[in-house]
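One letter stands for each residue in the lines below.
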Amino acid sequence: MEEADGAGEPGRQFGCASFNQDSTSLALGTRSGYKLFSLTSVEKLDCIHESANTPDVYIVERLFSSSLVVVVSAAMPQRMNIYHFKKGTEICNYSYPNKILTIKLNRQRLVVFLEESIYVHNIKDMKLLKTLLNTPSNPSGLCALSTNHSSSYLAYPGSVTSGDIIIHDTNNLSTVVMIPAHDSPLAGLAFNASATKLASASERGTVIRVFSVPEGERLFEFRRGMKRYVNISSLSFSPDGQFLCSSSNTETVHIFKLEQVGPSGEDEAATWTAYMGKMFSAASSYLPGPVSGMMSQDRAFATVHLFSSGQRNVCTLVTIQRLLRLMVATADGQLFIYNVDPQDGGECQLAYQHRLIGVDENHRGGTNSEAGQLTQETHSSPSYAQTAALPASGCATTTLTGYSEDGGAKKGEVIPEHEFAAGPVCLDDENEFPPVSIQKF
């Protein structure tokens, strides 16, 4: 569900990597096209589809386990192509005013992010439902779209100078809440599977917070580190929402446990980490505010130390063969699969290593364990441009400034140019989603 763009990095083997909505598939954008992998086994990595017809793919997203895949190429960065990859046919394509930065999709909506505008489509017929105009500049295309079948929430930055989050309901097409999540601009966002929690991280990368959805109340606060700022690469919840993983440009991947306090005041999971966290919280009440805040933040429940640092990666938590696993795809073309102990946590063991590009050299945990000297590459966080000029009259905090109720027509926004294949175009069977039935305009 998360995406890593490795363009321009030393050792880069592909343009992007993204897990699908339930982390059962991995999509890679390559210099010649894209690849899709099945992630149902630890020992075996199946390439279920490979396309070499589109050069320099930097966005590729698959809708769950269906045949629908969305592709954007650096050769035409303003154009989105939607394919039925099993039949090798194009369903439709849309062209937008500027470069496409991110595309997110679930069973109800397909959302396209430009730097200062957002397009919300109905995924069943690709009708443009809403255009959010003059949104705060978002050059990295940071966003998150929930995947729950009954809720379709969209989260994106609400400011260029602070870590405000706007949550938009793409079913009702209305803004739900703005959350003042961090002091610094945002760097990471992720919903859990039930769309009841939202995790966020700022450009500093030291603190990760979890909020309730749609209320926007802070539920958890985790400290990733204290000594240095990092660039967060990805955030991802486990399928049951009990764990949250975070990767960055360092060699360490952190896994946090969302432990609730029961009615009796006792933690539901009496782990050593929970016990120490409770002791720190009790002691923090006697300390100055800043120190108290740091001590009351929970630390990582489990960790993974990668073989190298300084490169982009994307991580996810998934259950494979009834065990909780952490998957990390790195920009040098590797997929690492780790076993996670849901009871005791600690250092996760490497179960398998796969090569995604070129010859697939499978390695069990323990091989290739000799790690060379880790060199951290310094990457400056993407700077945020100034907010687009807005009307002088202020708006209520629950209303998105620059929101266009009419899809942008009155503001001069051009509806994206589009082409549809001769319909009806359907996926392989009725069990696949969506049952696309598109007619030529």
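Being a predicted model, the structure only gives us computed values, none of them experimental.

## Some words on the overall build of the protein
- Counting its secondary structure elements, the protein contains two helices and 33 strands.
- Looking at the protein as a whole, 56% of its 441 residues qualify as buried.
- Of all intrachain contacts in the protein linking residues separated by at least 6 positions in sequence, the fraction that spans at least 24 positions is 47%.
- Of the accessible surface of the protein, which amounts to about 19300 Å², a share of 49% is contributed by carbon and sulfur atoms.

## Some points on the pairing of strand 18 (residues 186-191)
- Counted residue by residue, strand 18 has five buried out of six residues, so it is predominantly covered.
- For strand 18 and strand 19 (residues 197-202), the ladder comprises five bridges, and the chain directions are antiparallel. When the sheet's bridge partners are listed, Phe-191 is paired in strand 19 with Leu-198.
- Connecting strand 18 to the antiparallel partner strand 19 that follows it, the hairpin turn spans five residues, and Ala-195 within it adopts a positive phi of roughly 60°.

## Brief notes about the environment of Leu-317
- Note on placement: Leu-317 falls in strand 26 (residues 313-320).
- Residues Leu-317 and Asp-22, 295 residues apart in the sequence, show an inter-C-alpha distance of 9.6 Å.
- Aside from chain neighbours lying at most four places away, what touches Leu-317 is Ser-236, Phe-237, Ser-238, Pro-239, Phe-243, Leu-244, Cys-245, Ile-255, Leu-324, Arg-325, Leu-326 and Val-340.

## Focus on the environment of Ile-118
- With respect to the secondary-structure elements, Ile-118 resides in strand 12 (residues 117-122).
- Residue classification places Ile-118 among the buried positions, given a relative accessible area of 1%.
- For the pair formed by Ile-118 and Thr-135, sequence separation is 17 residues and the distance between their alpha carbons is 7.7 Å.
- Filtering out sequence-adjacent residues up to four positions away, Ile-118 remains in contact with Val-111, Val-112, Phe-113, Lys-130, Thr-131, Leu-132, Thr-135, Leu-154 and Tyr-156.

## With respect to unusual backbone geometry
- Cis peptide bonds are those with omega within 30 degrees of zero, and the linkage from Val-213 to Pro-214 qualifies with 10°.
- Tracing the chain through its elements places Pro-214 in the loop between strand 20 (207-212) and strand 21 (218-223).
- Positioned with a positive phi, Phe-64 is a non-glycine residue whose angle comes to about 45°.
- When you line up the elements, Phe-64 lands in the loop between strand 6 (57-62) and strand 7 (68-73).

## With respect to the sheet that holds strand 18
- Spatially, four strands are ordered 18-19-20-21 in an open sheet, and the strand pairing comes out antiparallel. Edge positions in the sheet fall to strand 18 and strand 21, since each has one partner strand and no second. Ignoring which end each strand starts from, the neighbouring axes of this sheet average 20° apart.
- Where strand 20 and strand 21 come together, five bridges link them in antiparallel fashion. If you follow Arg-209 over to strand 21, its bridge partner there is Glu-221.

## Points about the sheet that holds strand 15 (residues 153-157)
- One open sheet accounts for four strands, arranged 14-15-16-17; its pairing is antiparallel. Taken across any chain shown, the strands that pair with only one partner, and hence form the sheet edges, are strand 14 (144-145) and strand 17 (174-182).
- Sheet topology note: the strand 14/strand 15 ladder contains two bridges and is antiparallel. Looking across to strand 15, one finds that Leu-145 is bridged to Leu-154.

## As for the packing of aromatic side chains
- Counted by the stated rule, this structure contains eight aromatic pairs.
- Both rings, one in Phe-222 and one in Phe-256, keep their centres 4.8 Å apart while their planes meet at 25°; by these two values the pair is stacked. Of this pair, Phe-222 sits in strand 21 while Phe-256 sits in strand 24 (residues 252-257); the two residues are 34 residues apart in sequence, bridging distant segments of the chain. Each member of the pair, Phe-222 together with Phe-256, is buried.
- Feature note: the residues Tyr-94, Tyr-96 and Tyr-119 constitute an aromatic cluster, connected by ring pairs.

## A closer look at the pattern of salt bridges
- Tallied over the entire structure, the rule returns four salt bridges.
- Linking Glu-221 and Arg-209 is a salt bridge whose minimum nitrogen-to-oxygen distance equals 2.5 Å. Taken together, the residues Glu-221 in strand 21 and Arg-209 in strand 20 connect sequence positions 12 residues apart. Residue Glu-221 shares its accessibility class with Arg-209, and that shared class is buried.

## A few points about the environment of Asn-148
- For Asn-148, the position within the fold is in the loop between strand 14 and strand 15.
- As a C-alpha pair, Asn-148 and Ala-195 span 47 residues in sequence and 6.0 Å in three-dimensional space.
- For Asn-148, the residues in contact, after removing those within four places along its chain, are Gln-108, Ala-193, Ser-194 and Ala-195.
- Among the polar contacts listed, one links the side chain of Asn-148 to the backbone nitrogen of Ser-151, at a separation of 3.2 Å.

The rules we used
Residues numbered from 1 in each chain as written. Predicted model: local features only at pLDDT ≥ 70, side-chain atom pairs only at ≥ 80, totals over all residues. Heavy atoms only, no water. Helix = DSSP H or I, 4+ residues; strand = E, 2+ residues; numbered from the N terminus. Buried < 20%, exposed > 50% of the residue type's maximum accessible area, 1.4 Å probe, protein only. Contact = heavy atoms within 4.5 Å. Areas by Shrake-Rupley, 256 points an atom, 1.4 Å probe, with all protein chains shown as cover. Pairing = 2+ DSSP bridges. Axes fitted to C-alpha atoms, helices over the stretch in contact; angles between N-to-C directions. Phe/Tyr/Trp six-rings, centres within 6.5 Å; stacked < 30°, edge-to-face > 60°. Salt bridge = Lys/Arg side-chain N within 4 Å of Asp/Glu carboxyl O. Polar contact = N/O pair within 3.5 Å; in protein donor to acceptor, adjacent residues only side chain to side chain.

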